[in-house]
Amino acid sequence: MSETGWYAQPFRADGGITARGLLSQLGSPGLSGLTLLVREAAQNSWDARLPDQDVVRFRLDLATVGAGHGAAWRRLFAGGSSRGARRDGVFRPLVQAKSLRYLAISDRGTMGLAGPTRSDAGKTARREWARFVLNSGDRDGGTRSASGGTFGYGKSALFRMSKVGCVLAYTRFRDDDGRLRSRFIGVAIHESFWDGRTRYTGRHWWGLPEAGHCEPLTDTRADAAARELGIAGFAGEETGTTLVVVDPDLTDPTLPDSDNTPELSVAEAGTYLADAAAWNLWPILLGDRDRRMSVAVTANGVDVPVPDEGSDAALAFFAGAYRQVADGTGPVLACGKPYKELGRFAHAFTFGALVTSPAARELGVEGAPRHVCLLRGPELVVRYHPGPERSNPDAGYAAVFKVHAELDETFARAEPPTHDAWEYRQLQGREATFVRTAGRRLKEQCDRLSGAQARKAVKVGSYAMGSVAQRLGHLLAGPGGTGSAVLLSGAHPGTARTGGNAAGPGGRPAGVDQAGFTVAPGSGGHGHGHGVTAGGGTAPGGGAAPGGGRSGVRRPSLIAGPRFEVIDGRPYVVQRVRVHGPDRVEGAVRVLTGDGVAEGTSPTGVTPPEVHGWRLPSDGSLVAGEVFYHAGDATEVDLIVTAVADVLVDISVVGRA
């Protein structure tokens, strides 16, 4: 049986690339090592998905080597048959360390690393092994269109993350005869060096060294090596790959980079990885896709939740825009000269969906989103294109633009090795024109969504008053005062426009606009009103009625000012109301113009706000509709109103006998 050990690659007579040259192929990315690793590793896993698998399972396991496996790790880094590798000495700290840490990146439901184990082998259909383990920038054997990348430049993100420049690769695949095969190898990238009169590139492999190259451990021997190191194996008929980053660099990405920047703890780094996965991969993680990716993150064996559209309101709005694009309902952005449809665009207005994730902040998304998520064929996030802010700091817009399939390869060529931008200067002729025009069209859309176009000089009288109120309503808004509520003459006691009882506040009533909401000053005061008895007389009102009505039951009162809540990913306005039993309380909401007069009709394109229901703070239960009946002692309830973009509204609450 051949002896395992390290093989150091010497320079050949016809030259070669140094290890430093390989690590420089990503240039100087503006993203942190943690984010870059998530993007590049997930991209390769997504590209390697099997055609008959609906779900690619992607995992990030950050862990410390257990006591039962430490000896095997130290043997791997202490032994060797390559004189040059032993003299390099980079692994000495790992051999002497009391504990070792690693980050395992694994995928299942993927094809694994098949193909020849020598780069100079003849032409074959599958060459994943050569592309990842041996070569750099090699597209042979990889898909070109609808592909996020190759096993080329992006893999250097893995080696950059390792303090010792070392990655272990454990893979399982089916060969041409349909048999399951396993391989295991270690790959290290260090500085080039001299050993006597021989110069070495700085590239090393751990496996079965031979003259001129290094073979991997295969099949049962590969499985045994992974098992000894504590690396998870493959179940049943599974195929895929596990890449292990040795001694990962967990430098805090939120702090300025320096020689003494502190590291994140394992738990903190796990949270950052989960957030980075959510914000960079969310389009392919959506649960209603026909083919998707699932992501799991652990930190020292503890599961770390990965945010999704169900737990993060901003991601929910982006997901809503994405579905419009996927359904073909969003507008098409086009180049005019020469005419070419560039891609499809869609958006959702947001309110209260504030982004606080450090991983999202690294991508430029913070606070209220005002961004367009750029996608092409693989539907991995290219970047978040920023637009102007809306006038209300809590209001924003989440948009998606996806390139048409026939231009996918053009936009792919416009991307740098990190795949995080579209640079038209990398192209020529019409291709450059298409990418440059896409940028202009995105700016136009962002200006429209932010209201920047409306703030430009226009002729007086060109817009209806309702449109002006939409744009300027937030400037008139206040936190709520002590003004009187308004009793709508058209209200029908006992009716509920939004449905029956037991509807949750997160349910989506008809006409809910996923957007902002502005409350009129003076709308937060005491409610009052009066009704008519069966005999036709005036019933006791809640306080003095206009014209001097009689006193009766205590009127409901609005407590403090209204507040915004995002409930199950939807924006609502919530007003706390104190009611006194026995009582029947009716809530109403109306849109006001800029001078405080009620709109006769809703502004064009705006769905009017509605009373969604009444929530009992004691148990969270909801009574749907405008009317709330209360027979007990005085208590507090929440009036819940649907939120609508940038309109000035008046909330009123009246008590009826």
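Just so it is clear, the model here is predicted, and its values are computed rather than measured.

Across its full length, the protein chain holds 14 helices and 26 strands. For the protein chain, the proportion of its 657 residues judged to be buried stands at 52%. Long-range contacts, defined as pairs at least 24 residues apart, comprise 72% of the intrachain contacts of the protein chain with a sequence gap of at least 6. Roughly 28800 Å² of accessible area belongs to the protein chain as shown, and the carbon and sulfur atoms make up 50% of that amount.

In this section: the confidence of the model for the protein chain. Predicted confidence across the protein chain gives a mean pLDDT of 79, with 75% of residues reaching 70 or more. Across residues 83–87, where pLDDT falls below 50, the model places ten contacts with residues more than four positions away in sequence or in other chains.

Our next topic: the packing of helix H2 (residues 33–47) against helix H9 (residues 266–285). Helix-helix packing: each pair is described by the crossing angle between the helix axes and the interaxial distance. Close contact between H2 and H9 brings their axes to 9 Å; oriented N to C, the two are set at 40°. Classed by the angle they form, the pair H2 and H9 counts as oblique. Crossing of H2 over H9 shows right-handed handedness. Contacts between H2 and H9 involve Leu 34, Thr 35, Val 38, Arg 39, Ala 42 and Trp 46 on the former and, on the latter, Tyr 272, Leu 273, Ala 276, Ala 277, Asn 280, Leu 281 and Ile 284.

Another aspect to go through is the sheet that holds strand E16 (residues 383–386). Reading across from one edge, E13-E14-E17-E15-E16 is the order of the five strands in this open sheet, with mixed pairing throughout. In the strand order of this sheet, the two ends are held by strand E13 (332–336) and E16, each with one partner. Adjacent strand axes in the sheet meet at a mean angle of 30° when their direction is disregarded. Helix H10 (residues 313–327) contacts strand E14 (339–351), strand E15 (370–375), E16 and strand E17 (395–403) of the sheet and is inclined by roughly 150° relative to E14. Across the face of the sheet, helix H13 (residues 429–450) comes into contact with E13, E14, E15, E16 and E17 while running at roughly 30° to E14.

Now for the sheet that holds strand E25 (residues 635–642). The five strands lie next to each other as E19-E20-E25-E22-E23, forming an open sheet whose pairing is antiparallel. The sheet is open, and its two edges are formed by strand E19 (557–567) and strand E23 (622–624), each paired on a single side. Each neighbouring strand pair of the sheet contributes to a mean axis angle of 25°, computed without reference to strand direction. Judged from the eight bridges that link them, E19 and strand E20 (residues 570–579) form a sheet pairing that is antiparallel.

Bringing the pattern of salt bridges into the picture now. Scanning all chains against the criterion turns up 32 salt bridges. One salt bridge connects Glu 237 with Arg 174, and the closest N-O pair in it is separated by 2.3 Å. Here Glu 237 is found in the loop between helix H8 (219–229) and strand E10 (240–246), whereas its partner Arg 174 is found in strand E4 (residues 166–174), with 63 residues between them in sequence. The class for Glu 237 is exposed, based on a relative accessible area of 55%. In this structure, Arg 578 and Glu 636 form a salt bridge, with 3.8 Å as the shortest nitrogen-oxygen distance. Of this pair, Arg 578 sits in strand E20 while Glu 636 sits in strand E25, and the two are 58 residues apart along the sequence. Judged by relative accessible area, Arg 578 falls into the partly exposed class, the value being 31%. Note on Glu 636: relative accessible area 30%, which makes it partly exposed. One salt-bridge network, in which partners are shared between bridges, spans Arg 563, Glu 565, Arg 576, Arg 578, Arg 615, Glu 636 and Asp 638.

Cis geometry marks the peptide bond from Lys 337 to Pro 338, where omega comes out at 0°. Within the secondary structure, Pro 338 is located in the loop between E13 and E14. Backbone geometry at Asn 300 places phi at a positive 50°, although glycine is not the residue there. By the secondary structure assignment, Asn 300 is in the loop between strand E11 (292–299) and strand E12 (302–304). Accessibility expressed as a relative area gives 43% for Asn 300, which makes it partly exposed.

The next point concerns the environment of Cys 446. Inspection of the secondary structure assignment puts Cys 446 in helix H13. Residues Cys 446 and Arg 390, spaced 56 residues apart in sequence, show a C-alpha to C-alpha distance of 9.8 Å. Apart from the residues within four sequence positions on either side, Cys 446 is in contact with Val 372, His 385, Gly 387, Pro 388 and Tyr 397.

Attention shifts here to the packing of aromatic side chains. What the rule picks out here adds up to 18 aromatic pairs. Taken together, a centroid distance of 4.9 Å and an interplanar angle of 10° make the contact between Phe 193 and Tyr 200 stacked. Taking relative accessible area as the criterion, Tyr 200 reaches 14% and is therefore assigned buried. Judged by centre distance (6.1 Å) and plane angle (40°), the rings of Trp 282 and Phe 318 are tilted. Pair noted here: Trp 282 is in helix H9 and Phe 318 is in helix H10, with a separation of 36 residues, a long-range link. Overall, Trp 282 belongs to the buried group, its relative accessible area being 5%. For Phe 318, a relative accessible area of 0% corresponds to the buried category. One aromatic cluster is present, built from ring pairs that chain together Trp 6, Trp 73, Phe 77, Phe 91 and Tyr 102. The ring of Trp 46 has Arg 49 lying over it, and the distance from NZ or CZ to the ring centre is 4.2 Å.

Rules and cut-offs
- Residues numbered from 1 in each chain as written.
- Predicted model: local features only at pLDDT ≥ 70, side-chain atom pairs only at ≥ 80, totals over all residues.
- Heavy atoms only, no water.
- Helix = DSSP H or I, 4+ residues; strand = E, 2+ residues; numbered from the N terminus.
- Buried < 20%, exposed > 50% of the residue type's maximum accessible area, 1.4 Å probe, protein only.
- Contact = heavy atoms within 4.5 Å.
- Areas by Shrake-Rupley, 256 points an atom, 1.4 Å probe, with all protein chains shown as cover.
- pLDDT = per-residue confidence, 0-100.
- Axes fitted to C-alpha atoms, helices over the stretch in contact; angles between N-to-C directions.
- Parallel < 35°, antiparallel > 145°, perpendicular 65-115°, else oblique.
- Left-handed = near helix turned anticlockwise from the far one by under 90°.
- Pairing = 2+ DSSP bridges.
- Salt bridge = Lys/Arg side-chain N within 4 Å of Asp/Glu carboxyl O.
- Phe/Tyr/Trp six-rings, centres within 6.5 Å; stacked < 30°, edge-to-face > 60°.
- Lys NZ or Arg CZ within 6 Å of the ring centre and 35° of its normal.

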